[in-house]
Amino acid sequence: MHLTERINRIQISPTSAVIAEAEKLKARGVDIADFGPGEPDFPTPDHIKKAAIRAIEQNYTKYTATGGIMPLREAICEWHKRELGSHYEPKECVVNVGGKHSIFNVVSVLVQQGDEVIIPAPYWVSYPDIVKYAGGTPVYVESRPEDEFSVTAAVIEKAITPRTRLVILSSPNNPTGGVIPPDEYERILAACKKHNVWLMGDECYSHFTYDPHKPFSIASHAGSKAHVVIIGSMSKTFAMTGWRIGYTLAPEALVQATVKLQSQSTSNPTSIAQHAALEAMRGPMDTVPVMLAEYAKRRKRIVEGLRAIPGVTCEWPGGAFYAFPNVAAHLANGNSGQALAKDTGELARMLLDQARVAVVPGDAFGAPGYLRLSYATSIERIDEGLRRLDRFFSRAEAAA
Ligand code: PLP
């Protein structure tokens, strides 16, 4: 079939591919210890679900304004101000069909052929493909385990060229859990301002940070507005992945450009989901600390468990709900004696086939030698998965 050069520039999300494979096995009745999905295992809070039911009953089932209903845009600005210290007005806010859509829209209106976009690696899988689809070139810079996977301003500034249009940061980061400390984030902003480059702050995991880190937005910094685009999402904070509501906060002209694009593509995000999101923004936030406390327990369990496995090292993630162990010792050119696999793609396949454990290969995130394990799953399943991983890697060590 003849398809456009544009669509052939990108690939299907590699995380979706792993999840689909694990789902197939589960459907056949195979017991998988599943560390694949990047979504909360908690249900959407009741008060939010009830708001959606009320919205249906009250016939909020028609088109809305393309950029989202005004009460929701107001509520997002108020929530962001209260929780993260920013100062946006509704005209600087647009509601999108999930945070991924927000990023897609912003990149589409800012980036074109010949533009460079700086992306710290390890990166969330969708950033490079969204940039390539827009015609831009991703430029990868390193975030290192010895810096707890926080990228530095020095590394970013070194990568800026006259073609750089945008820097994309995710903090807390998917897949590493790395958190950029506020002072470093401010130095990155200063570099972006100096070189007149946009800074995108992806805050999808903003409220899942572990001591000593705290939720932080670069938009709280005075004088940030002209160079900053904030991406937010209901997906993780409120366990609302399926509702597909995200938002963009940015200067009005940029927001209006994305609304124009949205008016010719998705139109408004689902009206019912918008009413649910309105309740998320205005209602009680008590489910968030409950989820965070549970994630904190699981984080301890999984990181300690992974560190006890031969040939595996693992940093403490500062936020989000992913462990990101290094398994390079078990790969070709590793130092465990006998390589189990040539790369993490092959290793992930072996883990699924032989150990019945689903993980995402680090290669998908620009991090060869690493695996991503989501701990948005119960302690019991974490323990079971760790037992299987320990058996798998210990047997390999013994055979070496
Ligand atoms: N940004 C990051 C770093 C993510 O991990 C995700 C989802 O996994 C998203 C954005 C998009 O989330 P959603 O489109 O569900 O809002």
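### Some thoughts on the domain arrangement of the chain
And then number 1: Its domain assignment divides the chain into domain 1 (5-43 + 287-399) and domain 2 (47-282).
And then number 2: Between the C-alpha centres of domain 1 and domain 2 there is a distance of 26 Å.
And then number 3: Of the residues lining the interface, 34 residues belong to domain 1; the matching set on domain 2 comes to 31 residues.
And then number 4: Summed over the three residues of domain 1 that lose the most area to domain 2, namely Arg9, Gly318 and Phe365, the buried surface amounts to 18% of that side.
And then number 5: At the boundary of domain 1 with domain 2, the tally comes to zero salt bridges.
And then number 6: Summed over the shared surface of domain 1 and domain 2, the result is 15 residue pairs in polar contact (both at pLDDT 80 or more).

### Section: the packing of aromatic side chains
And then number 1: Tallied over the full model, the rule gives 17 aromatic pairs.
And then number 2: With centroids separated by 5.5 Å and ring planes inclined at 80°, the aromatic side chains of tyrosine 205 and phenylalanine 321 adopt a geometry described as edge-to-face. In this pair, tyrosine 205 sits in the loop between strand E6 (198-202) and strand E7 (228-233) while phenylalanine 321 sits in the loop between helix H11 (287-307) and strand E9 (322-323), placing the two residues 116 residues apart along the sequence.
And then number 3: A centroid spacing of 5.0 Å and a plane angle of 40° characterise the contact between tyrosine 295 and phenylalanine 321, whose relative ring orientation is tilted. One end of the pair, tyrosine 295, is in helix H11; the other, phenylalanine 321, is in the loop between H11 and E9, and 26 residues separate them in sequence. By the burial criterion, tyrosine 295 is buried, and phenylalanine 321 matches it.

### Observations concerning the nonpolar core
And then number 1: Membership of the largest hydrophobic core comes to 85 residues, with the highest contact counts inside it found for Leu199, Met234, Phe238, Ile302 and Leu306.
And then number 2: The two domains that each donate at least three residues to this core are domain 1 (5-43 + 287-399) and domain 2 (47-282).
And then number 3: In this view, leucine 199 contacts Leu166, Val167, Leu169, Tyr185, Ile188, Leu189, Cys192, Ile218, His227, Val228 and Val229; residues no more than four positions away in its chain are not counted.
And then number 4: In terms of nonpolar packing, the next biggest core, distinct from the first, is built from 32 residues, Val94, Trp124, Phe149 and Ala367 among them.

### Focus: a nonpolar patch on the surface
And then number 1: A grouping of Met1, Leu3 and Ile7 is seen on the molecular surface, where their side chains present a nonpolar patch of about 360 Å² in accessible area.
And then number 2: Within the secondary structure layout, isoleucine 7 lies in helix H1 (residues 5-8).

Cut-offs used in this document
Each chain carries its own residue numbering, running from 1 in the written order of its sequence. Per-residue local features of the predicted model are confined to residues with pLDDT of at least 70, and side-chain atom pairs are confined, for both listing and counting, to 80 or more; whole-chain, interface and lining totals are unaffected and use all residues. With hydrogens and water set aside, each side-chain value is computed from the structure's full complement of heavy atoms. Residue ranges assigned to each domain were obtained from an automatic or database domain assignment. Should any heavy atoms of two residues lie within 4.5 Å, those residues are counted as being in contact. Summed over both partners, buried area is the accessible surface (1.4 Å probe) that two parts give up on being assembled. What counts as a salt bridge is simple: a side-chain nitrogen of Lys or Arg found within 4 Å of a carboxyl oxygen of Asp or Glu. Polar contact criterion, stated in full: a pair of N or O atoms within 3.5 Å, where within protein one must be able to donate a hydrogen and the other to accept it, and residues adjacent in sequence count only if both atoms are side-chain atoms. Between the rings of Phe, Tyr and Trp (Trp by its six-membered ring), a pair exists once the centres lie within 6.5 Å; its type follows the angle of the planes, with under 30 degrees stacked, over 60 edge-to-face, and the other angles tilted. Each helix is a run of H or I in the DSSP string that is no shorter than four residues. Each strand is a run of E no shorter than two, and both are numbered from the N terminus. Using a 1.4 Å probe on the protein chains alone, a residue whose accessible area is under 20% of its type maximum counts as buried, one over 50% counts as exposed, and one in between counts as partly exposed. Within this scheme, the nonpolar core is defined by two criteria: the residues are buried Ala, Val, Leu, Ile, Met, Phe, Trp, Tyr or Cys, and they are joined through side-chain atoms within 4.5 Å. To count toward a patch, a residue needs a relative accessible area above 30% and no salt bridge. Like charges then connect within 9 Å, nonpolar side chains (Val, Leu, Ile, Met, Phe, Trp, Tyr) within 5 Å. What sets the accessible areas is the Shrake-Rupley method with a 1.4 Å probe; for residues, cover comes only from the shown protein chains.

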